[in-house]
Amino acid sequence: MMGGFSQVFGFGWGGMVIGMLFWVGLLAVLVWVAFALLNRTSASGRETPLEILKRRYASGEINSAEFEQARKALQ
């Protein structure tokens, strides 16, 4: 019983390394897909109205009262 579990099924160290690389690669792909889906601003790739409003407020185009009024209208 010197070979252990991996030797019994004939995979050895090479099979264990390949299996580990497979799972690490699969996990990396899943994380990449999750980030890609979460980082989209909208389905069309354009800014949402709230993002536009925040950008306009940050650049000084509108004041805080106008921002709050528009934000409430969007919700």
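You'll find the structure just up there.
Throughout, a residue's number is its position along its own chain's written sequence, starting from 1. In keeping with the model being predicted, local features are shown solely for residues with a pLDDT of at least 70 and side-chain atom pairs are shown and tallied solely at 80 or more, while totals for entire chains, interfaces and linings include all residues. The basis for the side-chain values is all heavy atoms of the structure; hydrogens and waters are excluded.

Chemist: Where do I start with the pattern of salt bridges in this structure?
Modeler: Should the charged atoms of two oppositely charged side chains come close, the side chains can pair. When a carboxyl oxygen of Asp or Glu is within 4 Å of a side-chain nitrogen of Lys or Arg, the pair counts as a salt bridge. Inspection of every chain in the model, using the stated rule, returns three salt bridges. Here Glu 47 and Arg 55 are joined by a salt bridge, their closest N and O atoms 3.1 Å apart. Residue burial is assigned from relative accessible area. The probe radius is 1.4 Å, only protein chains are included, and a residue is buried under 20% of its type maximum, exposed over 50%, and partly exposed in between. The class for Glu 47 is partly exposed, based on a relative accessible area of 39%. Residue class for Arg 55 comes out partly exposed when judged on its relative accessible area of 40%. With a closest N to O distance of 3.0 Å, Glu 61 and Arg 56 form a salt bridge. With relative accessibility at 33%, the residue Arg 56 sits in the partly exposed group.

Chemist: What should I look at first to understand the packing of aromatic side chains in this one?
Modeler: Each aromatic ring pair is described using two quantities: the centre-to-centre distance and the angle formed by the ring planes. Stacked, edge-to-face and tilted labels apply to pairs of Phe, Tyr and Trp rings (six-membered ring for Trp) whose centres lie within 6.5 Å, assigned for plane angles under 30 degrees, over 60, and everything in between, in that order. Under the criterion given, the structure shown has two aromatic pairs. Between the aromatic rings of Phe 22 and Trp 23, the centroid separation amounts to 5.0 Å while the plane-to-plane angle is 75°, which identifies the pairing as edge-to-face. A relative accessible area of 57% means that Trp 23 is categorised as exposed.

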